[in-house]
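# Coordinate inspection notes
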Amino acid sequence: MCNNLKYESNPENKCIDLKPLAFLFPNSTDVNLLRICDEGKQKNFCKDCVEPAEVLFIVALAASFLVVLSLIHYLMCLSANYARIKDNEKNFQELQELQYLQDTEMGTLSKDRY
């Protein structure tokens, strides 16, 4: 909005229209309050409000990138742990089978002795 003001030839179009952002100002009923037409107020609005917001947008973008990266890392760890649990479960079943075989062999050997 601020960059487009420089290229407008019609003075009526040189207003900053905040009507799309009216939901942010629920107490404002006057439509003219949502238009900034004074050149000094436009400069204050653009310099004081818009320029610092650009830095915040960049910070928000970086933060969202970190969140997505963290979620990907979490899913990788979750899948690795799941695979490890499944592998350990398979090994545990093999150990149980070996224990069962040893117990049955020892039982048959002890019966053969007596």
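Residues numbered from 1 in each chain as written. Predicted model: local features only at pLDDT ≥ 70, side-chain atom pairs only at ≥ 80, totals over all residues. Heavy atoms only, no water.

An unreviewed UniProt entry lists the protein under the name Neuronal membrane glycoprotein M6-a, with Caerostris extrusa given as the organism.

### As for a nonpolar patch on the surface
The following threshold applies: Patch membership needs two things, relative accessible area over 30% and no salt bridge, and members are linked within 9 Å if like-charged or within 5 Å if nonpolar (Val, Leu, Ile, Met, Phe, Trp, Tyr). To measure how exposed things are, a 1.4 Å probe is used in the Shrake-Rupley method; for residues, cover is taken only from the protein chains shown. The term salt bridge refers to a pairing of a side-chain nitrogen on Lys or Arg with a carboxyl oxygen on Asp or Glu at a separation within 4 Å. The buried label applies to any residue whose accessible area, calculated with a 1.4 Å probe on protein chains only, is under 20% of its type's maximum; exposed applies above 50%, and partly exposed to all values in between.
Together, Leu21, Phe23, Leu24 and Phe25 make up an exposed nonpolar region whose accessible area comes to about 410 Å². A relative accessible area of 51% places leucine 24 in the exposed class.

### A look at the nonpolar core
Nonpolar side chains tend to gather and get buried jointly when the protein is soluble and globular. Stated formally: We define the nonpolar core as a collection of buried residues of types Ala, Val, Leu, Ile, Met, Phe, Trp, Tyr and Cys that are connected through side-chain atoms lying within 4.5 Å of one another. Whether two residues are in contact is decided by their heavy atoms: any pair within 4.5 Å suffices.
If you look at the biggest cluster of nonpolar residues, it comprises seven residues: Cys2, Ile16, Leu18, Leu34, Ile36, Phe45 and Cys46. In this structure, leucine 18 is in contact with Met1, Leu34, Ile36 and Phe45, ignoring residues within four places of it in sequence.

### Some remarks on the environment of phenylalanine 45
Defined as follows: Secondary structure elements follow DSSP: runs of H or I of four or more residues count as helices, runs of E of two or more count as strands, with numbering from the N terminus.
With respect to the helices and strands, phenylalanine 45 occurs in helix α2 (residues 39–113). The spacing of phenylalanine 45 and isoleucine 16 is 29 residues in sequence and 9.4 Å in space, taken between C-alpha atoms. The residues contacting phenylalanine 45, other than those within four sequence positions of it, are Met1, Cys2, Ile16, Leu18, Ile36 and Val50.

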